[in-house]
Amino acid sequence: MHSKAKRLLSLLLGPVLLLTAHASAWADLADRSTVNMSPGVTLLGKDIYDLHMLVIWISVGIGIVVFALMFYSLIAHRKSLGHQAEHWHEHLGAELAWTIIPFFILAFMAWPAIKTLLKVYDTDEPEMNVVVTGYQWKWKYEYLGQTPADSVSFFSNLATPRAEIEGKQPKSEFYLLEVDEPIHIPVHTKVRFLITGNDVIHSWWVPELAVKKDAIPGIVNEAWTKAEKVGIYRGQCAELCGKDHGFMPIVVVVEEKADYDKWLSGKKAEARKLRELMAQSFSKEEMIAKGEKVYTNTCMACHGAKGEGGVGKPIAGSKVATGAIEEHLNVVVNGRPGTAMQAFGGILNELDIAAVVTYQRNAFGNNMGDSLQAVDVAKFKSKK
Amino acid sequence: MAHGPAKGLSRWLFATNHKDIGSMYLWFSFAMFILGGAFAMVIRAELFKPGLQLVQPEFFNQMTTMHGLVMVFGAIMPSFVGLANWMIPLMIGAPDMALPRMNNFSFWLLPFAFCILASTLFMPGGAPNFGWTFYAPLSTTYAPPSVTFFIFAVHVMGASSIMGSINIIATVLNLRAPGMTLMKMPLFVWTWLITAFLLIAVMPVLAGAVTMMLMDIHFGTSFFSAAGGGDPVLFQHVFWFFGHPEVYIIILPAFGVVSEIIPTFSRKPLFGYSSMVYATASIAFLSFIVWAHHMYVVGMPVAGEMYFMIATMLIAVPTGVKVFNWVTTMFRGSITFETPMLFCIAFIVLFTTGGFSGLMLSLAPSDFQYHDSYFVVAHFHYVMVAGAVFSMSAAVYYWLPKWTGRMYSEAMGKTHFWISFIGFNLTFFPQHFVGLAGMPRRIPDYNLIFADWNMVSSIGAFIYGSSQILFLFNVIRTIVAGKPNAAAKTWDGATGLEWTVPSPAPFHTFSVPPQVK
Amino acid sequence: MSDIDKKGDRYIVAKLFLGAVGMFAFAMFLMPPFYNLLCSVLDINSPRLNTKAYVAEQVKIDTTRKVKVQFVTVNSASMPWEFHAGDTVLEVHPGESTRTTFHARNPTDHRMVAQAVPSIVPEQAVEHFHKTECFCFTQQTLEPGQEIDMPVVFIVDQALPADIRTITLGYTLFDVTDSAKTPAPAAKTDKKP
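Right, let's walk through the structure included here. (Residues numbered from 1 in each chain as written. Chains lettered and ligands numbered in written order. Predicted model: local features only at pLDDT ≥ 70, side-chain atom pairs only at ≥ 80, totals over all residues.)

Right, let's talk about the packing of helix H8 (residues 273-286) of chain B against helix H10 (residues 316-330) of chain B for a bit. All names here are of chain B. Viewed as axis vectors pointing N to C, H8 and H10 meet at an angle of 150°, and their least axial separation amounts to 8 Å. As far as their axial angle goes, H10 and H8 are roughly antiparallel. Judged by the twist between their axes, the crossing of H8 over H10 is left-handed. Residues Ser-275, Met-276, Ala-279, Ser-282 and Ile-283 of H8 form the contact with H10, whose participating residues are Pro-318, Thr-319, Val-321, Lys-322 and Asn-325. Taken together, the residues that form the contact of H8 with H10 break down as 5 nonpolar, 4 polar and 1 charged. (Axes fitted to C-alpha atoms, helices over the stretch in contact; angles between N-to-C directions. Helix = DSSP H or I, 4+ residues; strand = E, 2+ residues; numbered from the N terminus. Parallel < 35°, antiparallel > 145°, perpendicular 65-115°, else oblique. Left-handed = near helix turned anticlockwise from the far one by under 90°. Contact = placed C-beta atoms within 7 Å. Nonpolar A, V, L, I, M, F, W, Y, C, P; charged D, E, K, R; others polar.)

Printed below as a string of C-alpha cells:
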C-alpha cells in the first residue's frame, strides 16, 4: 500500500488497530506496527505479547461493564428528565462482591504472568555469550572466546549523518536506528547477553528480541534471546543516560549459522591483525624514514620530489598535510573521488600508510610534529 | 478575633489566616503549573516532528527534568495543600489551622525553593538534566554543578511539605467541631489525613536520598558509587521507597475531591463511605510495599520480581472499590452536569484508563517491553493529569463561589472542560501507541515511524496548554466581575459544613464551633 | 481555642516531627545497611557485598559434575589500564579450590590506584560462589608502565543447584586514584620486567 495512505489509515484506525493488528517482524520498519507491541521473533516475545493482549482484553471488558453502567446512569438518571434521587448509600453484598471478584480476575492474570516471568529468567544453557557494555553514548560488544586472544570486541556507534538530524538532508528509513557496526547473532540459537555499564546506567532494549535490561556500572546483568527468524532488528537505549541518550541505537543482525560463523572469523582475523600491528610500534623518526621510501615509490610521481605538486596537488604547506591528521589519513585511505587521487586504503598496508602520512606531515617544510602508528590506521579503517 | 485582615503586603507576608494562606498556595501552584506547562510546550514543540529543530539534547533533558520536578513538587502537591488549607477548617468546623505561624512558614519556603530551582536554568552547565527521578550516577558523578542547588531546593520543599502535613494532622485530630467524629468527616478530610501521614513518612526519605547524593558528590562517600563499595541500584530503592507513596500523595486528595463533588451533583449520598475510607487506607499501606515495580529491569532476583508484581496487582482491588463506589453513587441519582461534575466524570473515565495501563505495567514480564517507553509516559499522565489536575480543576470550579461569593461563567467553564478533555486525550492517548511500538521516553528525536503520533500528541498538548489560559481568565473574571452569589449553599445537592457559612466565606469562620449531629 | 487544644497540638507536633526525623534517619542510616543485609540474604548481585574473603571449610570435591566459570572484565569510564582475564573460561568441580589470574597494566605516565568490583550471575549462584582470595578485596596501585598478574582463588560449593551450569564472574575496574585515602604501596607480587 502507498505509505501515505497507510499512515493515514493507521492514524484513523489507531485504536482499532491496537486491538487487532498482528505486527509482523519489523526487519522492514514499514511493516512494524505503529500502535501496538510487536510479538517479535522469539517465542518469549510471543508469550509476552499474548499476556499483553490478554490484559488489554480483560481491561476492555471491565471498562465496558463499568462505563456502560455509568453512562446509563448519566443518561437515564438525569435531573432534567425529572429523575428523583434515591437515598440508599450502602449495600454490603455489592461491596463485598466487588472487593472479592477482582482477586479472581487478578489471579487469572497472575498465572500466565508468573509462567512467562520464569521464562524470562531462564538463562541456563546458552549456546553463546555476548558482553554488552553501555557507554556515553555508544555500545560495546564483546564475543567471549576460549582465550582472551580469541575474543572479539568492537564499538557500535550511531551512523545517521548529522545533516539528517539537523534537517539539511532528507531522513532515511532507519533514521537514528542505524549503526556503523551492528552486533551479529545466529538464528535459532540461545544467546546470553551479559549487560553492564561503563559510566552511567543505560538500558539495552531490542523490542523484537524481547530483551530489555539495565546496563549498570559495576554490575553484570544477564538476559537472553533466541531469535527464530533471520533479519535485522533495531532498538534503542531505554534509560536516560545524558545528552545523547536518544542517539545510541542498537542494531542486531540475526543470520544463518554459517553466515554468522563467517562474520565472526572475519572479525577475529581483523582483531588478530590489529594485535599484530599493535606490536609494530616505531618511533616518529623511524616512521619518517619508512615513509620517505613509501613516498618515493608511490606518491612522488604525482606530487613531486619536494612535495611541490604536479599531476597531484602540492603537499608542501597544503591544507590537508597541515590540518587535522584524521582528515589527512582520510584523504590517503579513501582518495579524492573524481580526481586522480586514488584510495590507497586497499593498496598500501597499514604500516605504510601510517609512515607516509607521518612523513608528509614532517617533510617539505611541513612541521606538524605529529605521527601515526599502523594500529591507528587499522582503527580508522575499521570505524567505517 | 473580630478584626479583619491586615492591609497591604503584610497581609500576605505575615499571613496566618488559613484562607489567605490557602489562596496563596493555590495561586503559587497555578503559577508553577504554567511554568511547568511552558517546559512541556518546549518538549512537545521539539517532538512535533523528527529531527532537532528548536533545542539541543542537553537543553531538552533539562526541560524534561524541570517539567517533572515543577509539576510534581510545585504545581500538584501545593495545589492540594492550598485546597486543604482552605477547606479542611471549613469542613470540620475549625476556626483556623492548628498551627497558623508554621502554616505561614511552610508556604513561604516554597517560592524560595522554586526560585532556587528555576535559577539553575541560568547557571553554567545548565539546570538539572538527569530526569525527575535523578538516578545515580547520572545525578552524582555525571551531574552539572547545579545539582547542589537542586538538592538544596528539594530539602526546602520537603521541609515545607512536612510542616504542612504536621499542621493538617494536628488540625484534623484536635480541632474538629463537637460531634464531628472521625467517621463523620468528609472524605476529602479523610484522604488528606492519610496523605499527610504518607508525606511525613516519605518526604524525609527523599531528603535522605538527596543528602546521600550530596555526600557522594562533595564529601567523598560512596553510597551509590560502585567504585567505593556502593551500589547505584540502592539509589533507586531509596528513591522509589519515597517515589511510590508520592504517587498516592498526589492522587489521594484527588479521590477526596471527587468523592465530595459526585454526590453533590448526583443529589445522592456517597455510596460506601466507610469502604472508601478503608480503601484509601489500604492504598496508602500498599504504597509502601510495592516500590520496586519501578525497577523490574535492574536485574532483581526472580523472587523479588514476583513479590513486587503480586503486591502491585493487589492495588487494583481498593482502587477498583473506589471506582465502583463513585459509579454507584451516580446510579439512580438526579444528575446535573455543571463544570465540576464534568471534570469528575472525565476523571473517572480517564483515571480508570490510567489504572488499566497501570495494571498492565504491574505485570513484570510485559513490563520488560513497556519499561521506560512512552507507554509509561502515557500511563502516568493519565493518572497525574486526568487524575490530579482534572480533579483540581473540578475543585476550583466547585468551591470558587464559596471563596469569592461570585459565580463563574458556566459556559466558559464547560468550554474549558471540553477543550481540556479533547486536548488531553489527543496528547496522551497516542503516547500509548508510540511506546508500544518501541519509542523510549526522554529522547529529543525519533525515527519516522513514530512521527505521525508524535505530531498528534504535540497538537493535543498545545490545545490542552492553551485551554488553561481560558481557565485563568474565567477565574479572574469571576473574582472581579462574576455574578454575585451570596447564598451559603451554591449547589442544591451539596452537604457539609462549608456550605453553612456565608459566601464569600468571611475572614474568620467557626469562631464558635458548630454542633454536628 | 482552649489551652488543652494547644497542649494537644504541641504533643502531636512533637510526635510527628520526631516521626519525620526518624524516617530521615531510617533512610540515611538504616536503608543502606539494610540493603546490604537484604542483598546477602536474597543473593542480590550488588557491589555492596564486595567485602571480605570466604574462609574455606573442609569440603569434599564433587567430581560428578562440572561447572563452567566465565570471566568478564570491564573498564569503567576513564580507566586507561589494560585489564583482562588470564582465562576466559574454566571448568571446575564443585568444592574444588581454583586459582586464576587477571592481568593489568598501567600504560599511563603516572601512578594510579584502582578498585575492582566483582559481580556474579546468575543470581542463584551468588551464595554458592566464594572467593578465598581476590584482588578486589584491596585497592591496587600501579606505577607508570607497571604490569601485574592479580590472583583470584575461588570455590563453587556443592550446594550449587544442579541446573546451574555456567557462572559468570565479572570485574569492573574503577579508577580511584583521586579518592584513595592512603595510596597503598605499589604491588610487589608478580612484577614483570
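Residues and elements named next belong to chain A. If you walk across this open sheet you meet the 5 strands as S3-S2-S1-S5-S8, and the pairing is mixed. Of all the strands in the sheet, the pair left with one neighbour each is strand S3 (152-156) and strand S8 (221-225). Each adjacent strand pair in this sheet contributes to an overall mean axis angle of 25°, direction not counted. Here strand S1 (residues 128-135) runs beside strand S2 (residues 138-143); their pairing, made up of 6 bridges, is antiparallel. From the neighbouring strand, Thr-133 faces S2, where its bridge partner is Lys-140. (Pairing = 2+ DSSP bridges.)

On to the interface of chain B and chain C. Contact residues are listed per partner, giving 33 residues for chain B and 32 residues for chain C. Contributing elements (two or more residues each) for the side of chain B that touches chain C: helix H5 (147-174), helix H6 (187-218) and helix H7 (232-266) of chain B. For the side of chain B that touches chain C, the per-class residue count stands at 22 nonpolar, 10 polar and 1 charged.

In this section: the interface of chain A and chain B. Listed by partner, the interface residues are 81 residues for chain A and 78 residues for chain B. Among the elements of the structure, helix H1 (3-20), helix H2 (43-76), helix H3 (92-120), strand S6 (202-206), strand S7 (211-215) and strand S9 (231-237) of chain A are those that each provide at least two residues to the side of chain A that touches chain B. When residues in the side of chain A that touches chain B are grouped by element, the largest group, 14 residues, is from H3(A). Looking at the side of chain A that touches chain B residue by residue, the classes come out as 42 nonpolar, 23 polar and 16 charged.

Another aspect to go through is unusual backbone geometry. With glycine set apart, most residues show a phi of negative sign, and most peptide bonds adopt trans. Each neighbour pair has its own omega, and for Gln136(A) with Trp137(A) the value is 0°, a cis peptide bond. Ala136(B) connects to Pro137(B) through a cis peptide bond whose omega is 0°. Take Pro137(B): it is sitting in the loop between helix H4 (100-119) and H5. In this model, Leu176(A) sits at a positive phi of 65°, which is unusual for a non-glycine residue. Looking at the element boundaries, Leu176(A) is found in the loop between helix H4 (162-165) and strand S4 (183-186). For Phe364(A), which is not a glycine, the phi torsion comes out positive at approximately 55°. Take Phe364(A): it is sitting in the loop between helix H8 (350-361) and helix H9 (374-383).

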